[in-house]
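If you want the building blocks of each chain, they are given just below.
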Amino acid sequence: MRLSTTRFLKILLSNFFIQTSWSFAAMQELGFLTSLKMVLSKDSQKKMIATHKGIFNTHPYMSSYIIGATVRAYDEGIDTPEEIKNFISISEKSFASAGDLLIWQTMRPALLLMATIVSLHFGIVGPILFLVLYTVFHLFHRIKGIYDGYSRGWDVIYCLKSTRFTSVQYLFENLGALSCGLLISLISLQINYLLIVPLSVFFILLLVRGISRVTIIVVFMLLLVLMAWTHL
Amino acid sequence: MNALTLSIIGSFIALDKYAFGEFGISQPLISGTIIGALYGDIGTGIFLGAILQLICLGGLPIGTDIPPDAQTAGIVGCGSYFILRLSNTPGHALLVATLLAFLTSILGGGTDIVLRHFHDRLFHRFQHDEERLYIYHFAGLFTSFLRTFLMFLIVFVTASLITVPPHLPQLSRQLFIIIGISMGLANASYLFVKNSTIVYTIVGGLCGLALLVS
């Protein structure tokens, strides 16, 4: 089965708004239903609204895989809502976990770290580099996700084993580690910069011990004021 | 540029995280560049955005966890700096802007929770009125905009009223870099340094040293 260009563009555009009405009660449910409603026939829309009135939550970029597969299910006229519900229930968790690990935890911080170092050395090149590379990767998943979801149906979940997830994650983990070392290039050969050693160790200890982010930010602000006060 | 205009622009940038796209333009590095460009000092905007980015690097929105709002920190930090600089020394402006940025990032995490609870109501209304799905869904654009707009307006108006007495401590650019790199190193080590990647960190460190010496 093939998805027409108009329907593809409608899904892609609505996918940019998947988080717009994120709530604790339904998470991305309204965004998910909006994407489906935009491309389904009137009959399927009624069936769809009756079937999905619960919670939907996955990684925003990965939602396109699930939406693509769900649209296909309605196009094929699958008349057992349980089958669709089961697919969504399994796939939303799998894609959420894969997306969190690949995008939030690896790719975005690695690209930001690299872009930050580049921007502190070469100015505007850094932000442009980040925007270009990041856009290529997230748009790839959004576009390919819709096509793969629609063409592979329930089997779209096997995409999680493909190189676009495994190899790309490996690549960005290494880029992040490399950029971590490259941070040294930002320091100057002055005595004050030796402070970076104890401060980094202190912050790493806070992170490793699982101290909440809010507490770390408060500690950071207190340190900042203290150091400014003592004219360090 | 006045506080009102900056709040409107900042709120449009912040929509990137909360309501439209997640294209990455609300990250402190990018928002700092945009705000710097609007104030005609893109170099300072990139510098502030980059250091704030290093500090906020580890805040990850995993699952339903809501960490302090890095995007708000970037917009408030850069915007407040340029407002504060009009009536303060750069050192005072930097200290107050950084503190405002992170106080607002914590407040931003809290208001985000309130907003999402408000969106619960939109969902419940949809359950009783299914025909208006688009209205209830896209109302989130307005509520998300309003949340950040009100927050930014309060902070930017406050920043425009602050004049720090000259004898109070200042934050030098050097100290800001030191603490930024320290947080950046801690965040990056926590995220990326493992047994399997340590070789890359060492190679990066050696390249960094070579760049530093040259």
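Residues numbered from 1 in each chain as written. Chains lettered and ligands numbered in written order. Predicted model: local features only at pLDDT ≥ 70, side-chain atom pairs only at ≥ 80, totals over all residues. Heavy atoms only, no water.

The record held by UniProt for chain B lists under Subcellular location (unreviewed entry) the comment "Cell membrane". (UniProt positions renumbered as here; feature names shortened; annotations may be inferred.)

Participant: Give me helix α3 (residues 42-51) of chain A: which residues, what numbers.
Facilitator: Those residues of α3 of chain A that sit buried are S44, Q45, M48, I49 and T51 of chain A. Taken end-on, α3 of chain A shows its buried residues confined to a sector of 160°, consistent with a single buried face. Residues K42, D43, K46 and A50 of chain A are exposed on α3 of chain A and point more than 90 degrees away from its buried face. Close packing links the buried residues of α3 of chain A with α2 (29-39), α4 (63-75) and α5 (81-122) of chain A together with α5 (90-128) of chain B. (Buried < 20%, exposed > 50% of the residue type's maximum accessible area, 1.4 Å probe, protein only. Helix = DSSP H or I, 4+ residues; strand = E, 2+ residues; numbered from the N terminus. Arc of directions from axis to C-beta. Contact = heavy atoms within 4.5 Å.)

Participant: Kindly report on the interface of chain B and chain A, identifying the contributing residues and their values.
Facilitator: With 91 residues of chain B in contact, the opposing surface of chain A contributes 88 residues. Contact between chain B and chain A buries roughly 8,100 Å² in total, counting both sides, with carbon and sulfur atoms accounting for 76%. For the chain B face of the interface with chain A, the top three residues by lost area are E22, H137 and F192 of chain B, together amounting to 9%. At the junction of chain B and chain A, the tally comes to one salt bridge. Across the pair K194 of chain B and E173 of chain A runs a salt bridge whose closest N-O atoms are separated by 3.2 Å. Linking chain B with chain A are 13 residue pairs in polar contact (both at pLDDT 80 or more). Broken down by secondary-structure element, the contributors of at least two residues to the side of chain B that touches chain A are α2 (28-38), α3 (42-56), α5, α6 (133-161), α7 (173-192) and α8 (198-213) of chain B. Its residues assigned to classes, the side of chain B that touches chain A shows 56 nonpolar, 29 polar and six charged. (Buried area = accessible area lost by both parts, 1.4 Å probe. Salt bridge = Lys/Arg side-chain N within 4 Å of Asp/Glu carboxyl O. Polar contact = N/O pair within 3.5 Å; in protein donor to acceptor, adjacent residues only side chain to side chain. Nonpolar A, V, L, I, M, F, W, Y, C, P; charged D, E, K, R; others polar.)

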